[in-house]
Amino acid sequence: MLSKEEMQEKAKVLRRHIIEMIAESESGHPGGSLSAVEIITALYFNVLRHDPENPQWPDRDRFVLSKGHAAPVLYAALAECGFFPVDELSTLRRMGSRMQGHCDVGTTPGIEMSTGPLGQGLSFGIGCAIAARLDGRDYRVYVLLGDGECDEGQVWEAAMAAPHFGADNLVAIVDRNSIQLDGWTKDIMNTEPLADKWRAFNWHVIEIDGHDIEQIIAALNEAVSIKGRPTAIIAKTVKGKGVSFMENKAEFHGKAPTTEQAEQALKELE
Amino acid sequence: MAGEASMRETYGKTLVELGKSNQDIVVLDADLSSSTQTKFFAKEFPDRFFNCGIAEQNMIGIAAGLAASGKTAFASTFAVFASSRCFDQVRMSIAQPHQNVKIVATHGGVTVGEDGASHQAIEDLSLMCALPGFTVIVPADAVETEQVIRYAASTMGPFYIRLPRLKSAVLYDEGYRFEIGKAATMRDGRDATIIAVGLMVERALKAADALADEGIDARVLNMHTLKPLDEDAIVAAAAETGAILTVEEHVRQGGLGSRTAQVVGESCPVPMSFINIEDCFSSSGQPEELLEKHGLTAENIVKETKKLVKRKSK
């Protein structure tokens, strides 16, 4: 488990990996990977119970990246944890690579579910959470969703079902970067009041700054104490966070930086 | 034959038996448990039954999560919803990761009857056969249904099993042994082969009796497993009888007829014809009226087989 300062340093390492791997493959989704860096860092280097030597450990906590296009941030964290060699990150999206374009279960060690078509992760998370209860295991289930992803109807089917099934070992984290592929979420499909929607669906809701590692960890700890219903964490973030020319830019949702842009980004992330 | 029985009810009761001996069996439904007959399991094992409400996409996702955590998940709803309503969820959450989920879809085909086109799954087999790694089965009677459900429960991987709403004739006695991917020869013959699935097997047998009276000796195969398909039985039928007719309560594209024709065309070309639902949606009506409308009757099988045998001798 890393200290706060070590995690902040680790977050910078993950950002550099994201830029390098997407620039190398000339394809990928930098914006939503960068916005989720602190959330993923807090989970993988402080909160999650996992064993890189034994990815199928039955008592591991489950993490599902429902916004599967942000795979680079998860690959970076898994590599830094030791699930596979860091060298493999540079093979992102190449033929024969274990670093598939979107999360692909069975291909990449540490990936729990295949994702990409949005809206499916939370339902899967409910299944894992119910199974823990049936088996008397105490693992917890974390699902990271995009805020644009919350346009999908299935998210709300799952949001209705999780409290109904009393899945208090389930946490949904919404990466609230307020931008989707075509522009600002308020213009494309306004999801506000987002926190109130989750409250209305009977979740315990915590709103935080999604780039403040202490707030993220505090929220995840608070979720453990909530019984009888699941917790939703609305994490306010900045799309493209950490790279000046990518911040709050919809165009970097799914566009790779050029070589020059990547060099500048890496300079900013030194 | 020994009267009629409900395949759905057999499914529901078999689940209860399986649930007694296997604690890892879980069952999900989408507000249709009294129709799909998962209600029996719900009553016996409320802790392992999850009614997901009218939200099929979510049900499929929850089933996938349970399966990924070591459970054998049976998920049931009407075939029309199980196949097309949540096709992306079936594809991405179940097929691609090869999860151990058994979709048992009831009310398949036009024999749903009065509910009309909206509720008649006539393209489900095509959709499900298109998914890599899926096993697709259409049992022909209640005896076979029980064995298929038991087989699915004890075999890893995704299954799609289609059952009808109607009660149907019991074709098999207790000595029958279902074999995955092996067509069951219901009747041998040398003039032509009638390959049928589900409710059409009974009609094919009746047709074969009528054909025998007219001197035509038809082989009848129950092709219960649409995927993986019994290619050997098809090739043998082509080689030994020289003509093949397929009969299915499904559209022409991608089901039994298409799949059989691919094998015949590749390995042993012989004259073929196809009885199925043409490129149209059906309508409200009584099941037998609808089968008549689409030519899914013993009489039409007789007629088409006679035409086929004539083509063969040209």
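These lines cover the structure that appears in this document, whether it is placed above or below. What you are looking at is a predicted structure, and each value in this text was computed from that prediction instead of being measured.

### Digging into the overall build of chain A
Item 1. In terms of regular secondary structure, chain A is built from 10 helices and seven strands.
Item 2. Relative to the globule expectation of 18 Å for 270 residues, the C-alpha radius of gyration of chain A, 17 Å, shows essentially globular dimensions.
Item 3. The dimensions of chain A, computed from C-alpha atoms along their principal axes, are 50 × 45 × 35 Å.
Item 4. Among the 270 residues that make up chain A, the fraction classed as buried is 53%.
Item 5. Restricting the contact set of chain A to residue pairs at least 6 apart, pairs at least 24 apart contribute 75%.

### Some thoughts on the overall build of chain B
Item 1. For chain B, the helix and strand inventory stands at 13 helices and 14 strands.
Item 2. Computed over its C-alpha atoms, the radius of gyration of chain B comes to 19 Å, within 12% of the 20 Å expected for a compact globule of 314 residues.
Item 3. C-alpha atoms of chain B, sized along the principal axes, occupy 60 × 40 × 40 Å.
Item 4. Split into buried and exposed, the 314 residues of chain B put 57% on the buried side.
Item 5. Long-range pairs, those at least 24 residues apart, make up 79% of the contacts in chain B with a sequence separation of at least 6.

### Examining unusual backbone geometry
Leave glycine aside and you will find that most residues have negative phi; peptide bonds, for their part, are mostly trans.
Item 1. Of the consecutive residues Glu192(A) and Pro193(A), the connecting peptide bond is found in the cis state with omega at -5 degrees.
Item 2. In this structure, Pro193(A) sits in the loop between helix H7 (185-188) and helix H8 (194-200).
Item 3. The omega torsion across Lys227(B) and Pro228(B) is 0 degrees, close enough to zero to call that bond cis.
Item 4. In this structure, Pro228(B) sits in the loop between strand S12 (225-227) and helix H10 (231-241).

### Quick look at the nonpolar core
Item 1. With 190 residues, the main nonpolar core has Ala63(B), Ile194(B) and Ala204(B) as its most contacted residues.
Item 2. Look past the residues within four positions of Ala63(B) in its chain and what remains in contact with it is Gly127(A), Leu28(B), Ala73(B), Ala75(B) and Val101(B).

### Some points on the interface of chain A and chain B
Item 1. Counting residues at the interface gives 22 residues for chain A, matched by 22 residues for chain B.
Item 2. Only helix H5 (121-135) and helix H6 (153-164) of chain A provide two or more residues apiece to the side of chain A that touches chain B.
Item 3. Per element, the largest residue contribution to the side of chain A that touches chain B is nine residues, and it comes from H5(A).
Item 4. Broken down by class, the residue content of the side of chain A that touches chain B amounts to 12 nonpolar, eight polar and two charged.

### Here's the deal with helix H6 (residues 87-95) of chain B
Item 1. When we look at burial in H6(B), the residues that qualify are Gln89(B), Val90(B), Met92(B), Ser93(B), Ile94(B) and Ala95(B).
Item 2. Against the buried residues of H6(B) lie H5 of chain A together with helix H4 (56-68) and strand S5 (101-106) of chain B.

### Here we look at the sheet that holds strand S7 (residues 159-162) of chain B
All names here are of chain B.
Item 1. What the seven strands build is an open sheet, ordered S3-S2-S4-S5-S7-S6-S12; its pairing is mixed. Where the open sheet ends on each side, the last strands, each with one partner, are strand S3 (49-51) and S12. Along the sheet, successive strands turn relative to each other by an average axial angle of 20 degrees, direction set aside.
Item 2. Pairing of strand S4 (residues 72-78) with S5 involves six bridges; the strand directions are parallel. Directly across from Phe 78, in S5, lies its bridge partner Thr 106.
Item 3. Contacting strand S2 (25-29), S3, S4 and S5, H4 runs over the sheet at an angle of about 165 degrees to S4.

### A word on the sheet that holds strand S6 (residues 204-209) of chain A
All names here are of chain A.
Item 1. Judged by pairing direction, the sheet is parallel, and its five strands sit side by side in the order S1-S2-S3-S7-S6 without closing on themselves. The open sheet is flanked by strand S1 (62-65) and S6, the only strands paired with a single partner. On average, adjacent strands in this sheet sit at an angle of 20 degrees to one another, irrespective of strand direction.
Item 2. In this sheet, strand S7 (residues 231-236) lies alongside strand S3 (residues 170-176) in parallel orientation, the contact comprising six bridges. Of the residues in S7, the one forming a bridge with Arg 176 is Lys 236.

### Some thoughts on the pairing of S7(B)
All names here are of chain B.
Item 1. Burial along S7 is two-sided: the residues Phe 159 and Ile 161 and Tyr 160 and Arg 162 are all buried.
Item 2. Pairing geometry for S5 and S7, over four bridges, is parallel. Bridging from a neighbouring strand, Val 104 pairs with Ile 161 of S7.
Item 3. Sheet topology note: the strand S6 (residues 135-137)/S7 ladder contains three bridges and is parallel. Bridge assignment links Val 136 to a residue of S7, and that residue is Tyr 160.
Item 4. Handedness of the crossover joining S6 and S7 through helix H8 (residues 142-153): right-handed.

### Let's talk about helix H1 (residues 4-25) of chain A
Residues and elements named next belong to chain A.
Item 1. In a regular helix each residue adds 1.5 Å, so 22 residues correspond to 32 Å; H1 covers 32 Å between its end C-alpha atoms and thus fits that length.
Item 2. All of the buried residues along H1 are Met 7, Lys 10, Ala 11, Leu 14, Arg 15, His 17, Ile 18, Ile 19, Glu 20, Met 21, Ile 22 and Ala 23.
Item 3. Of the surrounding secondary structure, the elements contacted by the buried residues of H1 are helix H2 (30-35), helix H3 (37-47), helix H4 (71-81), helix H9 (213-225) and helix H10 (259-268).
Item 4. Phi turns positive one or two residues past the end of H1, at Glu 26, with a value near 60 degrees.

### Observations concerning the packing of H10(B) against helix H11 (residues 256-267) of chain B
Residue and element names in this part refer to chain B.
Item 1. Two numbers describe how H10 lies on H11: the axes approach to 10 Å, and their chain directions differ by 60 degrees. Relative to H11, H10 is oriented oblique. Note on packing geometry: the crossing formed by H10 with H11 is right-handed. Every residue of H11 that contacts H10 at Glu 231, Ile 234, Val 235 and Ala 238 is listed here: Thr 260, Val 263, Val 264 and Ser 267.
Item 2. By residue class, the composition of the contact of H10 with H11 is five nonpolar, two polar and one charged.

Conventions adopted
- Residues numbered from 1 in each chain as written.
- Chains lettered and ligands numbered in written order.
- Predicted model: local features only at pLDDT ≥ 70, side-chain atom pairs only at ≥ 80, totals over all residues.
- Helix = DSSP H or I, 4+ residues; strand = E, 2+ residues; numbered from the N terminus.
- Rg over C-alpha atoms; globule rule 2.2 N^0.38 Å.
- Buried ≥ 20, exposed ≤ 12 C-beta atoms within 10 Å, placed from the backbone.
- Contact = placed C-beta atoms within 7 Å.
- Core = buried A, V, L, I, M, F, W, Y, C linked by C-beta atoms within 7 Å.
- Nonpolar A, V, L, I, M, F, W, Y, C, P; charged D, E, K, R; others polar.
- Pairing = 2+ DSSP bridges.
- Axes fitted to C-alpha atoms, helices over the stretch in contact; angles between N-to-C directions.
- Right-handed = clockwise from strand over helix to strand, strands pointing away.
- Expected span 1.5 Å × (residues − 1).
- Parallel < 35°, antiparallel > 145°, perpendicular 65-115°, else oblique.
- Left-handed = near helix turned anticlockwise from the far one by under 90°.

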